[in-house]
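# Examination of the molecular architecture
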Number of protein chains: 6
Amino acid sequence: MTAKLQPVSRFPIPDLVALPDDIREVILAVQEKAGFVPNVFLALAHRPAEFRAFFAYHDALMLKETGSLSKADREMIVTATSAKNGCLYCVVAHGALLRIYAKNPLVADQVAVNHLKPDITPRQKAMLDFAIKVCLHSDEVGDADYSALRKYGFDNEDIWDITAITAFFGLSNRMANVISMRPNDEFFLMGRVPRT
Amino acid sequence: MTAKLQPVSRFPIPDLVALPDDIREVILAVQEKAGFVPNVFLALAHRPAEFRAFFAYHDALMLKETGSLSKADREMIVTATSAKNGCLYCVVAHGALLRIYAKNPLVADQVAVNHLKPDITPRQKAMLDFAIKVCLHSDEVGDADYSALRKYGFDNEDIWDITAITAFFGLSNRMANVISMRPNDEFFLMGRVPRT
Amino acid sequence: MTAKLQPVSRFPIPDLVALPDDIREVILAVQEKAGFVPNVFLALAHRPAEFRAFFAYHDALMLKETGSLSKADREMIVTATSAKNGCLYCVVAHGALLRIYAKNPLVADQVAVNHLKPDITPRQKAMLDFAIKVCLHSDEVGDADYSALRKYGFDNEDIWDITAITAFFGLSNRMANVISMRPNDEFFLMGRVPRT
Amino acid sequence: MTAKLQPVSRFPIPDLVALPDDIREVILAVQEKAGFVPNVFLALAHRPAEFRAFFAYHDALMLKETGSLSKADREMIVTATSAKNGCLYCVVAHGALLRIYAKNPLVADQVAVNHLKPDITPRQKAMLDFAIKVCLHSDEVGDADYSALRKYGFDNEDIWDITAITAFFGLSNRMANVISMRPNDEFFLMGRVPRT
Amino acid sequence: MTAKLQPVSRFPIPDLVALPDDIREVILAVQEKAGFVPNVFLALAHRPAEFRAFFAYHDALMLKETGSLSKADREMIVTATSAKNGCLYCVVAHGALLRIYAKNPLVADQVAVNHLKPDITPRQKAMLDFAIKVCLHSDEVGDADYSALRKYGFDNEDIWDITAITAFFGLSNRMANVISMRPNDEFFLMGRVPRT
Amino acid sequence: MTAKLQPVSRFPIPDLVALPDDIREVILAVQEKAGFVPNVFLALAHRPAEFRAFFAYHDALMLKETGSLSKADREMIVTATSAKNGCLYCVVAHGALLRIYAKNPLVADQVAVNHLKPDITPRQKAMLDFAIKVCLHSDEVGDADYSALRKYGFDNEDIWDITAITAFFGLSNRMANVISMRPNDEFFLMGRVPRT
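Residues numbered from 1 in each chain as written. Chains lettered and ligands numbered in written order. Predicted model: local features only at pLDDT ≥ 70, side-chain atom pairs only at ≥ 80, totals over all residues. Heavy atoms only, no water.

When chain E is fitted onto chain A, the two copies agree to an RMSD of 0.0 Å after a turn of 180° and an axial shift of 0.0 Å. These values place the two chain copies in the arrangement generated by a two-fold rotation axis. Identified as the residue of chain E closest to the rotation axis by C-alpha distance is Ala53(E), at 2.5 Å. Here 100% of the contact residues of chain E are again contact residues in chain A; the copies associate through an equivalent surface. (Least-squares fit on C-alpha atoms with pLDDT ≥ 70 in both. Contact = heavy atoms within 4.5 Å.)

Below you can see the structure in the form of structure tokens.
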């Protein structure tokens, strides 16, 4: 409603036709798949070289097929740590993905408000405890934090994954906060209503 | 889904029939109106005397007809400050009311994640700045904070209202956090989908 | 001395004769009992409906006859948490009550400055640890905090009491801080000198 | 009452007769003047060389005759910053001196609980603002803080005094906190009752 | 000395010969240029896809030829914000680069300890103020922060650069902290002694 | 380079010839020994009585021959806690002394950036944990902190030493921060290059 009038970013949004081919193709592909273009693609296309590195990093972490973190686990980390960073874009957009992957319409709001209260497993709570410490006090992470995760079956590669996802979205949160990146209206409702 | 298995509170939920008449009537009335019983009524009925004082206080602040704060303004204060206190129940339940009163499906998530980003008026932003200072650093509130609100047309009675709403829900947030009061599943979707 | 010239509140103090009968009676009764009218009664009488709910809540928590918290325990919670909130009115007024109930002229100042140092029992220290966590970080309260209290014989109802007292006076602290509620001069000396 | 049973410090209190002559003389002189020996003299006598440096520093700051800070101003700085450091000994002992020098039985409690609320002058409030910044965030002190004091007539030498008093009692607070230095019972009541 | 025995990372360091060709070539090229292989190349080579994205992002920000930030400005941002994040690797390695680019053997330690004290220009101080706010409180960045930079001639593209450098090294800091990435001994002395 | 133009302190530096004899002698002696006059001597000579107490205290703590803390241990405490206080003078000057006493060119930077990462013994890490708690949260120090040190063989007198060194340099840090005391250029390189 009012959203139509709101800017996607404090910075200019490039014209699709003026973009380098590879970036335009990425954007058209995501539009094809999602039915709309998430604003992060438009906002970051302002800087093509950074755009390429950003999404290469994103895909390396979020699309990788190895390790014990499920897709829902990864989006849960993003949602919880983005909430600590006060990042509207990531809480709303990745909360939507979390609802979808977890097939749970409640979990994203639960995770965003207070990571100790959600309907999640003790393993997931330990994962979020670690991620939030990396987000807020990474200088204090030490052996005891590694051990706390190993008790739940996370191995060192999983710990790298949790750390890297948290660190990467910490980058994303800071960019989104400073440029006032606006989440697409579509995200707010995604995964909340059973598909019919 | 999993919610059915989750307790409403760490404390016992009294049987409706065993409750004092006045409390049962309050609960039946809200059920009649809302279509379900918000868990705060069930959880706090564990202590009838406190229940009565709690809802008398609530109604004095949230149902009052005087002053310049709209119902949406009041729920916006509750949503923003409850998010700072990490209170799942109040963010979800009052976020639902905020969406409904503001007729805006996006505003509650915006306010809960970062009160500087929502699609709200400068007057509402000043109101939330003040409320959040009362929530987090009330010992530092002084003349400059009063002046900042007066610039937007808030008078002293409005300032009392903002303060009292913040203070009252600070009480509510602490109770809900400690007893792990669970928001009803119904709240998560309320006000997100246009009524047809 | 200079106090005579200082306002009781940033808001108007209503005329006793203009107040609703029930409120005037409460005020006259407390004056009869204490020898003076504590300013909280005058300051909150500005809003009769809130006044009634406030004191109903207060009495439900502070005058209740059940549970294992002594009156001194309850005032100790108020003094310690009000100090964390920087609330002059409550530290001074409830510190006075604490000295009287505990029959200890030193304990209120001890509790207000550093809750780890007073001449109190380990049970009372555990109680204050919990109350201060509820006051400052209620979103982080969990099973371990409940267990820490149970070790000292507190049951769930006691935990509710500690929580509710802390939460209620958190409300009171925020109101008093924002309206600059001034403690009566009488409180500062109460309970410090042995009665003769 | 219970105080008789409480230790003055976690460390041994030396026997007066075993102390070096100069230290014993200092202690006897303060006893002669105050009517009792403040525990800081007993606790720090455990380390004679540090004792001498501590009181030489103390006297250089608190007994100096130059500058525009009154004795009450200096004790007000000590009381306010010691409260921020949670130092029971200094809040109680220097709060007593503040009441006496200011001839005001209320001001010490006011300053200790919330330095924005006392019955003090705007000049004293600016002084406390600066002292508390030195106490808590000295790394952030800069030109603007100097200017804020100059507006109230403080010159550079006064600013050095405020800083040095805050810094010195920050040392004292840390020692007292770690060794659990206990304030003498006598301090709690000093300056509260008009002399007859 | 003892450094020889210390691990470069908590994670395995891959064998150069086993690495993908492109990554090995990057590493050999940096070794050729610097005379040693900075440990960040070895530690991150554990994950080739992330390695490629990391250095692509790094180069897009740190090697770009446009905008008004000098190379010293960029390394100054990295040093100051990495110090706030307690990241040993980045403070030491980028402090070395800062000394070299700024041709100033003192500035890196100054910036790392207290960003308000260095021998830098007011423009650089404003740049660091902004970067540190992005680092620690990006959710609070708003119009006033943009304006503060524009007063010193930074345009919007510069603001994006400052933000992106801070955000990217926030990622790097979190990775380095969690995997205990060790700075090479060589960095500690680089740029401190005039070349002869 | 630019350093020559930078003031040593916001306050006047007294003329050597105008100083009291004992202070001038101290300054000439340190110059004889170090080859230059550390700026702390010049800056504090502005107040002779405080100068005498400051260095008497300093020497009582840093030159004492008893106890189990080595000279490197003491300088390590100063470097780590001064970094937490953001004190450029003390981190640079005492970091230099730490490098020299520890015969380790890397340890000062390690300790200053993140006290959990240096190449130091577990005993030294426990010592720094305690010192940093005294520096930042001395009001929370209790029995558990004493026990943690005793496990590593520290006795009560060592604990006093750690506390007093931290407390004394907390004083020094606050003075240096407020008066902008500048470290001599000589300190930055001391102990970094092997003597030939």
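Moving on from the coordinates now.
We now examine the interface of chain D and chain F. Many structure descriptions define interface size as the accessible area lost when the parts assemble. Counting residues at the interface gives 41 residues for chain D, matched by 41 residues for chain F. Across the chain D to chain F interface the summed buried area is about 3800 Å²; carbon plus sulfur atoms make up 63%. Of all residues in chain D, Tyr57(D), Trp160(D) and Arg174(D) give up the largest surface area on contact with chain F, accounting jointly for 22% of the area buried on that side. Run the count over chain D and chain F and you get 6 salt bridges. Measuring nitrogen to oxygen at the nearest pair gives 2.9 Å for the salt bridge that ties Arg10(D) to Asp143(F). The interface formed by chain D and chain F contains 18 residue pairs in polar contact (both at pLDDT 80 or more). Elements with a minimum of two residues in the side of chain D that touches chain F: helix H2 (39-44), helix H3 (48-62), helix H7 (122-137), helix H8 (143-150) and helix H9 (156-179) of chain D. (Buried area = accessible area lost by both parts, 1.4 Å probe. Salt bridge = Lys/Arg side-chain N within 4 Å of Asp/Glu carboxyl O. Polar contact = N/O pair within 3.5 Å; in protein donor to acceptor, adjacent residues only side chain to side chain. Helix = DSSP H or I, 4+ residues; strand = E, 2+ residues; numbered from the N terminus.)

Contact with chain E, which involves 41 residues of that partner, is made by 41 residues of chain A. Note on chain E versus chain A: buried area summed over both sides is about 3800 Å², and carbon and sulfur give 63% of it. Of all residues in chain E, Tyr57(E), Trp160(E) and Arg174(E) give up the largest surface area on contact with chain A, accounting jointly for 22% of the area buried on that side. Joining chain E to chain A, the criterion identifies 6 salt bridges. Those elements that place two or more of their residues in the side of chain E that touches chain A are helix H2 (39-44), helix H3 (48-62), helix H7 (122-137), helix H8 (143-150) and helix H9 (156-179) of chain E. If you tally residues by element for the side of chain E that touches chain A, the top one is H9(E), at 15 residues. Of the residues assigned to the side of chain E that touches chain A, the class counts are 23 nonpolar, 9 polar and 9 charged. (Nonpolar A, V, L, I, M, F, W, Y, C, P; charged D, E, K, R; others polar.)

On to the packing of helix H1 (residues 21-34) of chain B against helix H3 (residues 48-62) of chain B. Residue and element names in this part refer to chain B. The N-to-C vectors of H1 and H3 enclose an angle of 50°; their axes lie 10 Å apart at closest approach. Classified by the angle their axes make, H1 and H3 are oblique. Here H1 runs over H3; the crossing is left-handed. Counting all contacts with H1, which are made through Asp 22, Ile 23, Val 26 and Ile 27, the residues of H3 involved are Pro 48, Phe 51 and Arg 52. (Axes fitted to C-alpha atoms, helices over the stretch in contact; angles between N-to-C directions. Parallel < 35°, antiparallel > 145°, perpendicular 65-115°, else oblique. Left-handed = near helix turned anticlockwise from the far one by under 90°.)

Turning to the environment of Ala83(B), a few remarks are in order. Residue and element names in this part refer to chain B. Looking at where Ala 83 falls in the secondary structure, it is placed in helix H4 (residues 71-84). Residues Ala 83 and Pro 118, spaced 35 residues apart in sequence, show a C-alpha to C-alpha distance of 14 Å. Setting aside residues up to four positions removed in sequence, Ala 83 forms contacts with Val 91 and Ala 112.

Another aspect to go through is the relation of the copies chain D and chain F. Each copy of the sequence occupies a distinct position, and chain D is placed on chain F by a rotation of 180° and an axial shift of 0.0 Å, giving an RMSD of 0.0 Å. Taken as a fraction of all interface residues of chain D, those also at the interface in chain F reach 100%, which identifies the copy contact as same-surface.

On inspection of all chains with the given rule, the structure shows 66 aromatic pairs over all chains. Three or more aromatic residues joined by ring pairs make a cluster, and in this case those are Phe41(A), Phe51(A), Phe54(A), Phe55(A), Tyr57(A), Phe168(A) and Phe169(A). For the cation-ring pair, Arg123(C) lies above Phe154(C), with the distance from its terminal atom to the ring centre recorded as 3.8 Å. (Phe/Tyr/Trp six-rings, centres within 6.5 Å; stacked < 30°, edge-to-face > 60°. Lys NZ or Arg CZ within 6 Å of the ring centre and 35° of its normal.)

Turning our attention to helix H5 (residues 88-102) of chain A. All names here are of chain A. Along its 15 residues, H5 runs 20 Å from first to last C-alpha, staying within 8% of the 21 Å computed at 1.5 Å per residue. Summarising burial for H5: 11 of the 15 residues are buried, a large majority. Regarding H5, the residues found buried are Leu 88, Tyr 89, Cys 90, Val 91, Val 92, Ala 93, His 94, Gly 95, Ala 96, Leu 98 and Arg 99. Backbone geometry just after H5 places Lys 103 at a positive phi near 50°. (Expected span 1.5 Å × (residues − 1). Buried < 20%, exposed > 50% of the residue type's maximum accessible area, 1.4 Å probe, protein only.)

A few words on the side chain of Ser172(C). All names here are of chain C. Mapped onto the elements of the fold, Ser 172 is located in helix H9 (residues 156-179). Residue class for Ser 172 comes out buried when judged on its relative accessible area of 5%. Leaving out residues up to four positions away in the same chain, Ser 172 has contacts with Phe 54 and Cys 90.

Residues and elements named next belong to chain B. Mapping Ala 112 onto the fold places it in helix H6 (residues 107-113). Taking C-alpha positions, Ala 112 is 23 Å from Phe 154, a pair spaced 42 residues apart along the chain. If sequence neighbours within four positions are ignored, Ala 112 has contacts with Thr 79, Ala 83 and Val 91.

Attention now moves to the packing of helix H3 (residues 48-62) of chain A against H3(E). Taken N-terminus to C-terminus, the directions of H3(A) and H3(E) make an angle of 160°; their axes are 8 Å apart at the nearest point. Taken together, the axis directions place H3(A) and H3(E) in an arrangement best described as roughly antiparallel. You can see that H3(A) and H3(E) cross each other, and the crossing is left-handed. Of H3(E), the residues touching H3(A) (which contributes Ala49(A), Glu50(A), Ala53(A), Phe54(A), Ala56(A), Tyr57(A), Ala60(A) and Leu61(A)) are Ala49(E), Glu50(E), Ala53(E), Phe54(E), Ala56(E), Tyr57(E), Ala60(E) and Leu61(E). The residue inventory of the contact of H3(A) with H3(E), partitioned by class, reads 14 nonpolar, no polar and 2 charged.

Another point: the pattern of salt bridges. Scanning the entire structure with this criterion turns up 76 salt bridges over all chains. Taking the shortest distance from any N to any O, the salt bridge between Asp21(B) and Arg24(B) comes out at 2.6 Å. Note that Asp21(B) and Arg24(B) are positioned in helix H1 at a spacing of 3 residues, about one turn of the helix. Among the charged side chains, a salt-bridge network with shared partners connects Arg47(A), Glu50(A), Lys64(E), Glu157(E) and Asp161(E).

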